[in-house]
Amino acid sequence: WVLNNKSIKASQPIGVFDSGLGGLTILKALQKKLPNEQFVYYGDTAHLPYGDKSEEALISYVQAIAHFLKSKDCKILVVACNSATTVINKAPDLPYTSEDIIEVISPIVNLIATQQKYTNIGIIGTRKTISSGMFNEALALQNGNLQITARATPLLVPLIEDGFLEENVLFPVFDRYFKGFQNCQLLIPACTHYPIIYQQIESYFDNRLKVLHTPKIIAESVEAVLEQKGLLSTTKNKEDDYHLSDVTDEFLREAELFLGKKVHFN
């Protein structure tokens, strides 16, 4: 398997990027699933949140980060951000082919469209992700029987980032956002921040609704792609490498909450 006339080795790292914190939920699942892999993480904190940015801006950010991760010799690219995923196919001159990019929407769509258990599906995410219609269209294309309720829930991101995770804070916000979701059996949290509040969402619905554990599904997809390409690493040679476009004390504090450990960001 050759890319840019240079053969790819299993020992090369995996590139993971996001606008900042949310992607750390994906990274944590990847580190657990693939303990022999080295990861290079890039959080574009200077430009967060991505959910409110124009398509042109997002494309320019995605291009710059993909080139940075290529310069770090990453063998594949994991787009750990739903908003960035909405533009990844529109970004020209990426140093990775579509086969070398795993994003956070397709694996979820493929799983939901092929299952028979749940027909009433709820989707929550940033304005960018929900307004793109990517989830709805892709799901409808594969399975016309699904009833889909989608809503942009932008207030949840700053609440999570500021550590407002208590039910007495979140439930009044849920009252507003989850109007019309009472018949949903399964909820797709189409934002990588939301795994932090899975339990609170399920509790709000008295556990009648299941929240999809998206990071685990993405980690399984990455493993499957590497296996298929014969690029699974057998031993971890180097420590994971963490980069931010803007390092702030607040981010470092929040990153520890998301990852469950302290790490050094460059």
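Note that the coordinates shown come from a computational prediction; the quantities given were computed from them, not determined experimentally. (Residues numbered from 1 in each chain as written. Predicted model: local features only at pLDDT ≥ 70, side-chain atom pairs only at ≥ 80, totals over all residues. Heavy atoms only, no water.)

### Considering the confidence of the model for the protein
Here comes step 1: For the protein, the mean per-residue pLDDT works out to 94, and 98% of the residues sit at or above 70.
Here comes step 2: Overall, residues 1–5 carries pLDDT values under 50, and its contacts beyond four positions in sequence, including any with other chains, amount to 13 contacts. (pLDDT = per-residue confidence, 0-100. Contact = heavy atoms within 4.5 Å.)

### Observations concerning the side chain of Ser19
Here comes step 1: Its location among the elements puts Ser19 in the loop between β3 (14–18) and α1 (23–33).
Here comes step 2: Exposure remark for Ser19: the relative accessible area of 8% places this residue in the buried category.
Here comes step 3: Contacts of Ser19, omitting those with residues within four sequence positions, involve Gly43, Asp44, Thr45, Leu48 and Tyr50. (Helix = DSSP H or I, 4+ residues; strand = E, 2+ residues; numbered from the N terminus. Buried < 20%, exposed > 50% of the residue type's maximum accessible area, 1.4 Å probe, protein only.)

### Let's talk about the pattern of salt bridges
Here comes step 1: Tallied over the entire structure, the rule returns ten salt bridges.
Here comes step 2: The salt bridge involving Glu55 is made with Lys90; its shortest N-O contact spans 2.9 Å. Of this pair, Glu55 sits in helix α2 (residues 55–71) while Lys90 sits in the loop between α3 (82–88) and β6 (101–103), and the two are 35 residues apart along the sequence.
Here comes step 3: Judged by its relative accessible area of 32%, Glu55 is partly exposed.
Here comes step 4: Take Lys90: its relative accessible area is 47%, and that puts it in the partly exposed class. (Salt bridge = Lys/Arg side-chain N within 4 Å of Asp/Glu carboxyl O.)

### A look at the side chain of Gln115
Here comes step 1: If you trace the backbone, Gln115 turns up in the loop between α4 (106–114) and β7 (120–125).
Here comes step 2: The class for Gln115 is buried, based on a relative accessible area of 17%.
Here comes step 3: Polar side-chain contacts of Gln115 include one of 2.9 Å to the backbone nitrogen of Lys117.
Here comes step 4: What Gln115 contacts, discounting residues up to four positions off in sequence, is Ile121, Asn143 and Leu146. (Polar contact = N/O pair within 3.5 Å; in protein donor to acceptor, adjacent residues only side chain to side chain.)

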